[in-house]
Every structure is written in structure tokens, then in C-alpha cells.
Amino acid sequence: WTSYIAFMMFGMLNVLTGIFVDTAISVMNNDKDEMILTQLEDRNALISFISTVFRNSDTDGSGTLTEDEMDVLLENSELIAYLNAIGIDSTEARGLFQLLD
């Protein structure tokens, strides 16, 4: 009789442990998804801001940036910080501009 009770207690503890582990894994996966969504939202906000700055930097109203406008833009330390935040170095931005020009 004692072994039956011990076996049932072991089984019940095993089920409770399984429920706990399953819940912990579920919460961890939700946190991971939430972190990814937050990073994507932050990146999209930075890209939107940079696009707005580029549009506002078009001083001649042509709808495009000239090389002089781009040089003035890349002297802005705030813009350089935003470019660095999305993984673009200012020298890479200048090289990309010359490549696309």
C-alpha cells in the first residue's frame, strides 16, 4: 500500500512539473516574439525618421538629393546617430549615394 501511494505521488509531481515547464516555455516564446516585434517597430520608426529628414533636406525642391545636399546632411550628428542605429555607417551612406547616383 505504501508503494502505491509513493508511486501516485511521484506521478502527480511529474504531471505538475510538466505543466510548469510547458507554461515556462510558452511564456519564453511569447517574450521572444514580443522582443522581435519591438525591435522591428523601432527599426521602422528610425527608417521613417531618416526618410523624413532626407525629404526635408531637398533644398532645391527637385525631389532628389544632390551630392552637396547629401554632404550637408551627413554632417548632421543626429542623423549619423540614427544611421548608426540601423546599422549604416556614414561612409557607407556616402558610398551608397555615389553608387546609386
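Residues numbered from 1 in each chain as written. Predicted model: local features only at pLDDT ≥ 70, side-chain atom pairs only at ≥ 80, totals over all residues. Heavy atoms only, no water.

## Some words on the pattern of salt bridges
Next up, step 1: Tallying each qualifying case throughout the model produces 1 salt bridge.
Next up, step 2: Here D71 makes a salt bridge to R94, at a shortest N to O gap of 3.3 Å. Residue D71 is found in helix α2 (residues 67-73), and its partner R94 is found in helix α4 (residues 90-100); the two are separated by 23 residues along the sequence.
Next up, step 3: When its relative accessible area of 26% is taken as the criterion, D71 is described as partly exposed. (Salt bridge = Lys/Arg side-chain N within 4 Å of Asp/Glu carboxyl O. Helix = DSSP H or I, 4+ residues; strand = E, 2+ residues; numbered from the N terminus. Buried < 20%, exposed > 50% of the residue type's maximum accessible area, 1.4 Å probe, protein only.)

## Quick notes on a nonpolar patch on the surface
Next up, step 1: Taken together, the side chains of W1, Y4, I5, F7, M8, M9, M12, L13, V15, L16 and I19 present a nonpolar region at the surface, about 1,200 Å² in accessible area.
Next up, step 2: Take V15: it is sitting in helix α1 (residues 2-56).
Next up, step 3: When its relative accessible area of 51% is taken as the criterion, V15 is described as exposed. (Patch = residues over 30% accessible without salt bridge, like charges linked within 9 Å, V, L, I, M, F, W, Y side chains within 5 Å. Areas by Shrake-Rupley, 256 points an atom, 1.4 Å probe, with all protein chains shown as cover.)

## Section: the nonpolar core
Next up, step 1: Ranked by size, the top nonpolar core spans 12 residues in total: L46, I50, V53, L65, M70, L73, L74, L79, L83, I86, A93 and F97.
Next up, step 2: Of all the elements in the fold, those that place two or more residues in this core are α1, α2, α3 (77-85) and α4.
Next up, step 3: Residues in contact with L65, not counting those within four places in the same chain, are F54, S57, D58, M70, L73 and F97. (Core = buried A, V, L, I, M, F, W, Y, C linked by side-chain atoms within 4.5 Å. Contact = heavy atoms within 4.5 Å.)

## Quick notes on a negative patch on the surface
Next up, step 1: The grouping of D31, D33, E34, E41 and D42 at the surface amounts to a negative patch.
Next up, step 2: Among the secondary structure elements, E41 is positioned in helix α1. (Lys, Arg positive; Asp, Glu negative; His and termini not counted. Charge placed at Lys NZ, Arg CZ, Asp CG, Glu CD.)

## With respect to α1
Next up, step 1: With 55 residues, α1 extends 81 Å from end C-alpha to end C-alpha; this agrees with the ideal 81 Å at 1.5 Å per step.
Next up, step 2: If you check which residues of α1 are buried, you get L46, I50 and V53.
Next up, step 3: The secondary structure elements touched by the buried residues of α1 are α2 and α3. (Expected span 1.5 Å × (residues − 1).)

## Some points on the environment of T64
Next up, step 1: With respect to the helices and strands, T64 occurs in the loop between α1 and α2.
Next up, step 2: Beyond its immediate chain neighbours, meaning those up to four positions away, T64 contacts D58 and E69.

## Description of the confidence of the model for the protein
Next up, step 1: Looking at the protein, the pLDDT average stands at 82 and 99% of residues meet or exceed 70.
Next up, step 2: Here α4 stands out as the element of the protein with the lowest mean pLDDT, 79, in contrast to α1, whose mean of 83 is the highest. (pLDDT = per-residue confidence, 0-100.)

## Remarks on the packing of α1 against α3
Next up, step 1: The N-to-C vectors of α1 and α3 enclose an angle of 145°; their axes lie 10 Å apart at closest approach. With respect to the hand of their crossing, α1 and α3 are arranged in left-handed fashion. The segment α1 lies against α3, with L46, F49, I50, V53 and F54 engaging E78, L79, Y82, L83 and A85.
Next up, step 2: A class-by-class count of the residues in the contact of α1 with α3 yields 9 nonpolar, no polar and 1 charged. (Axes fitted to C-alpha atoms, helices over the stretch in contact; angles between N-to-C directions. Left-handed = near helix turned anticlockwise from the far one by under 90°. Nonpolar A, V, L, I, M, F, W, Y, C, P; charged D, E, K, R; others polar.)

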